[in-house]
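# Notes for the structure review
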Amino acid sequence: MKRYSIALLIVLLFGAAKLPFEQKLNEEHRASFFRGAKLDLGLREQIGQGGFIAALSGFRSIVADLLWIQANTAWQNTEWGRMKVLFDGVTTLQPRVVLFWDMSAWHMAWNASRWAADNPKQPREALRIKAQREYFELGRQYLEAGIRNNPDRYVLYDRLGILLKDKLGDYLGAYEAYKKASEFPDAPAYEKRFAAYYLAEVPGREREAYDMLVKLYHMGPEERLPTLLSKIYALQEKLNIPQEQRIYIDPKDRE
């Protein structure tokens, strides 16, 4: 007990010495969209008294890393509820670390949801599907919260597009997420392609998608990938584009 008290005193003294620096850092973080780290009683319940004191004393990153290790252990043990609590603590402490949001969403929407769908302890399929969709939604919530804290990064928009398309079948949402990602100067070229691909699956938006795909086609041979060509071909048929205006003819139709 005495050793714990001495250690606690050292942490608090070190934290007090760092206070001016921490205040300056917090100001910079707020200016950089650092909105998520709220050191309140909710966080204290998530990370425990010792972790909360350490976080107050300027050791946010260290505490977050320790919680992340515990969360991965919880994942290996399929302790999904505990894993989420730990992820909440990690992302609250380090909201500007994109990886934490990304992986938290992945564990929920892919790993936990798969377990829920196959859960042998739940004989009712309807309840398994319900639980699975709840994990999909938790994944989406992590990504949307991550975007709010990192609106200057394209990565989480990309991951949101994947989740909306693959897990929720929301092609319009996937299009909007990829379109937003594509607007960042450092985003990969495929973001624009995927935006057009998924817009093509939205009823009533086919002409808009076709125009986007044609624009990509005219950007050069490197854009003329098999998927893009097949999408153009399908939309030409669906929109009844006149033969003389079509830019892609399937080789089978040339015979």
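So, a few notes on the structure that sits alongside this text. Residue indices begin from 1 for each chain and proceed along its sequence in written order. Local features are withheld for residues below a pLDDT of 70 in this predicted model, meaning they are given only at 70 or higher, and side-chain atom pairs are given and counted only at 80 or more; totals for whole chains, interfaces and linings count all residues. Note that water and hydrogens are dropped before the side-chain values are worked out from all heavy atoms of the structure.

### A short note on the overall build of the protein
For clarity, the threshold we go by: Segments assigned H or I by DSSP are reported as helices when at least four residues long, segments assigned E as strands when at least two residues long, and all are numbered from the N terminus. Whether a residue is buried, partly exposed or exposed follows from its accessible area with a 1.4 Å probe, protein chains only, as a fraction of its type maximum: under 20%, in between, or over 50%, in that order. Pairs of residues are marked as contacts when any of their non-hydrogen atoms sit within 4.5 Å.
Helix and strand counts for the protein stand at 11 helices and 0 strands. In the protein, the order of α-helices and β-strands from amino to carboxyl end is α-α-α-α-α-α-α-α-α-α-α. Here the protein holds 255 residues, and the buried ones make up 43% of them. Restricting the contact set of the protein to residue pairs at least 6 apart, pairs at least 24 apart contribute 57%.

### Examining the packing of aromatic side chains
The cut-off we apply is this: Note on aromatic contacts: the rings of Phe and Tyr and the six-membered ring of Trp form a pair at centre separations within 6.5 Å, being stacked when their planes are under 30 degrees apart, edge-to-face when over 60 apart, and tilted otherwise.
In the structure shown here, the tally under the stated rule is 14 aromatic pairs. Aromatic pair tryptophan 80 and tryptophan 115: ring centres 6.0 Å apart, planes at 55°, arrangement tilted. Here tryptophan 80 is found in helix α4 (residues 80-93), whereas its partner tryptophan 115 is found in helix α5 (residues 98-118), with 35 residues between them in sequence. Exposure remark for tryptophan 80: the relative accessible area of 7% places this residue in the buried category. Residue classification places tryptophan 115 among the partly exposed residues on the basis of a relative accessible area of 32%. Between tyrosine 178 and phenylalanine 194 the ring centres are 5.3 Å apart and the planes differ by 80°, which places this aromatic pair in the edge-to-face class. Of this pair, tyrosine 178 sits in helix α8 (residues 171-182) while phenylalanine 194 sits in helix α9 (residues 190-199), and the two are 16 residues apart along the sequence. Residue phenylalanine 194 is classed as partly exposed on the basis of its relative accessible area, which comes to 26%. An aromatic cluster is defined as three or more aromatic residues linked by ring pairs; in this entry it consists of Tyr171, Tyr178, Tyr190, Phe194, Tyr197 and Tyr198.

### Some thoughts on the packing of helix α3 (residues 60-76) against α5
The condition is simple: Geometry is summarised by axes, namely lines fitted to C-alpha atoms with helices restricted to the contacting stretch, and by angles between N-to-C directions that run from 0 to 180 degrees. Comment on the angle field: the value is read as roughly parallel under 35 degrees, roughly antiparallel over 145, roughly perpendicular from 65 to 115, and oblique elsewhere. Two helices that cross are described as forming a left-handed crossing if the nearer one is turned anticlockwise from the farther one by less than a right angle, and a right-handed crossing if clockwise. Gly is placed with the polar residues, together with every amino acid not listed as nonpolar (Ala, Val, Leu, Ile, Met, Phe, Trp, Tyr, Cys and Pro) or charged (Asp, Glu, Lys and Arg).
Packing of α3 against α5 brings their axes to within 12 Å, and their N-to-C directions diverge by 15°. Of the possible angle classes, the one that applies to α3 and α5 is roughly parallel. Handedness of the crossing formed by α3 with α5: left-handed. Residues Ala64, Asp65, Trp68, Asn72 and Trp75 of α3 form the contact with α5, whose participating residues are Phe100, Met103, Ser104, His107 and Asn111. Taken together, the residues of the contact of α3 with α5 sort by class into 5 nonpolar, 4 polar and 1 charged.

### Regarding the environment of histidine 107
Looking at where histidine 107 falls in the secondary structure, it is placed in helix α5. Here the alpha-carbon distance between histidine 107 and asparagine 72, two residues 35 residues apart in the chain, equals 9.3 Å. With near-sequence residues (within four places) excluded, histidine 107 lies in contact with Asn72, Trp75, Met83, Phe87 and Ala112.

### Quick word on the side chain of glutamine 236
Tracing the backbone shows glutamine 236 in helix α11 (residues 226-238). Glutamine 236 gets classed as buried once you look at its relative accessible area, which sits at 0%. Ignoring any residue separated from it by four or fewer positions in sequence, one finds glutamine 236 in contact with Tyr210, Ile241, Arg246, Ile247 and Tyr248.

### So, the environment of aspartate 102
By the element assignment, aspartate 102 lies in helix α5. When near neighbours in sequence (up to four residues on either side) are disregarded, aspartate 102 contacts Leu143, Leu156 and Arg159.

### Observations concerning unusual backbone geometry
Located in the positive-phi region is threonine 78, a residue other than glycine, with phi close to 55°. As for its position among the elements, threonine 78 is in the loop between α3 and α4. If you check the backbone angles, asparagine 240 has positive phi at about 55° while not being a glycine. Position of asparagine 240 among the secondary structure elements: in the segment after α11.

### Notes on helix α10 (residues 206-217)
Where we set the bar: What a helix is expected to span follows from its residue count: subtract one and scale by 1.5 Å. Relevant arc is that of directions from the helix axis to the C-beta atoms, nothing else.
Taking 1.5 Å of rise per residue, 12 residues should cover 16 Å, and α10 covers 16 Å from first to last C-alpha, within 8% of that figure. Those residues of α10 lying buried are Glu206, Ala209, Tyr210, Leu213, Val214, Leu216 and Tyr217. Buried residues along α10 cover an arc of 160° about the axis, so they all sit on one side.

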